[in-house]
Amino acid sequence: MKTINFPIRNPGNSQENPLAFVSGDIIHILYPNGEVEATTVAQIDRRQTKSPLDKCLVWGCVGDF
């Protein structure tokens, strides 16, 4: 198993995907540089996030969508 430490110290050389945590109506996207974006399903549907959800590793109950 590969261990990933956030934030990744050299994001220019990193190929890691953001992590998305689903918690009810709110989704928190954690980027490799340590930045966190809080968003909703409606914002993702309108493509108002820095990264689409299909590019993230998703944690949580995806069936809530």
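No experiment lies behind these values; they were computed from the predicted model shown.

So, on to the overall build of the protein. Each helix and strand in the protein was counted, giving one helix and four strands. Moving toward the C terminus, one meets the helices and strands of the protein in the order β-β-β-α-β. Each of the 65 residues in the protein was classed as buried or not, and the buried ones make up 28%. Excluding contacts between residues fewer than 6 apart, the proportion of contacts in the protein whose partners are at least 24 apart in sequence is 36%. Surface exposure of the protein reaches about 4700 Å², of which carbon and sulfur atoms provide 51%.

A few words now on unusual backbone geometry. Although it is not a glycine, Arg47 sits at a positive phi angle of roughly 60 degrees. With respect to the helices and strands, the residue Arg47 is situated in the loop between α1 (41–45) and β4 (57–59). Its relative accessible area of 73% is what places Arg47 among the exposed residues.

Moving on, we come to the pattern of salt bridges. Inspection of the entire model under this criterion finds one salt bridge. As a salt-bridge pair, Glu35 and Lys50 come within 2.7 Å of each other at their nearest N and O atoms. Here Lys50 lies in the loop between α1 and β4 and Glu35 lies in the loop between β2 (26–30) and β3 (36–40), a separation of 15 residues in the sequence. On the basis of relative accessible area, Glu35 is assigned to the partly exposed category, the value being 32%.

A few words on the pairing of β2. Of the strand pairs in this sheet, strand β1 (residues 19–23) and β2 are connected by five bridges, and their pairing is antiparallel. Counted as the bridge partner of Leu19 is Leu30 from β2. In this antiparallel pair of consecutive strands, β1 and β2, the connection spans two residues, and Gly24 shows a positive phi of 65 degrees. Two elements, β2 and β3, share five bridges in a ladder whose sense is antiparallel. By the bridge assignment for β3, Ile26 is matched with Thr40.

Rules behind the numbers
Residues numbered from 1 in each chain as written. Predicted model: local features only at pLDDT ≥ 70, side-chain atom pairs only at ≥ 80, totals over all residues. Heavy atoms only, no water. Helix = DSSP H or I, 4+ residues; strand = E, 2+ residues; numbered from the N terminus. Buried < 20%, exposed > 50% of the residue type's maximum accessible area, 1.4 Å probe, protein only. Contact = heavy atoms within 4.5 Å. Areas by Shrake-Rupley, 256 points an atom, 1.4 Å probe, with all protein chains shown as cover. Salt bridge = Lys/Arg side-chain N within 4 Å of Asp/Glu carboxyl O. Pairing = 2+ DSSP bridges.

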